[in-house]
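# Structural overview
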Amino acid sequence: MADMKAFDEAIWRVAATIPEGRVIPYGELARLAGYPGYARQVSKALAKAPKNLDLPWHRVIAKPGRIAFAIGEPAFERQKGLLQSEGVAVLKGRIDLQQFGWSGVSDASPLPAEEFFR
DNA sequence: AAACTGACTGATC
DNA sequence: AGATCAGCCAGTT
């Protein structure tokens, strides 16, 4: 990858569209933005995102449904709080996949749907 | 310039 | 389920 500037902006653009109450894995976000294999760089793009963009960074999680920060870490608590405040249950650092209906993956599922809920 | 680092993933045991 | 390991890839040492 040559220019990370374009990468960052592509990530920010897609991240901004993640609906409230839903989540998406880093790798999936990267793929949707056109950069498959760039999961690790997504975290960096989010970290450096301009504050005025007000991106829903908390809706971006690690697979399979796990908050990337270490449990107990301030950032972990912050993300957990934001998710819970919009109806996403978090148990032991994990998103409660049950709430989306394990069987009814179709429409009530988080953004990445099929892939995320394999 | 080689080594190390991490808000990642997938395979294996 | 939980731990480990190896790929991953740009940034930082």
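Just above, that's the structure.
Anyway, here's the lowdown on the structure attached to this text.

## Remarks on the protein's contact with DNA strand C
Around DNA strand C, the structure places Met1, Met4, Gly37, Tyr38, Arg40, Gln41 and Lys44. Counting only atoms of DNA strand C within 4 Å of the protein, the fraction found in sugar and phosphate groups is 64%. Within the contact set of DNA strand C, a phosphate oxygen lies 2.7 Å away from a side-chain nitrogen or oxygen of Tyr38. A distance of 3.0 Å is found between a sugar or linking oxygen of DNA strand C and a side-chain nitrogen or oxygen belonging to Gln41. The leading source of residues in the surface near DNA strand C is helix H3 (residues 39–47), at three residues. Taken together, the residues that form the surface near DNA strand C break down as three nonpolar, two polar and two charged.

Reading the values: rules and limits
- Residues numbered from 1 in each chain as written.
- Chains lettered and ligands numbered in written order.
- Predicted model: local features only at pLDDT ≥ 70, side-chain atom pairs only at ≥ 80, totals over all residues.
- Heavy atoms only, no water.
- Near = heavy atom within 4 Å.
- Polar contact = N/O pair within 3.5 Å; in protein donor to acceptor, adjacent residues only side chain to side chain.
- Helix = DSSP H or I, 4+ residues; strand = E, 2+ residues; numbered from the N terminus.
- Nonpolar A, V, L, I, M, F, W, Y, C, P; charged D, E, K, R; others polar.

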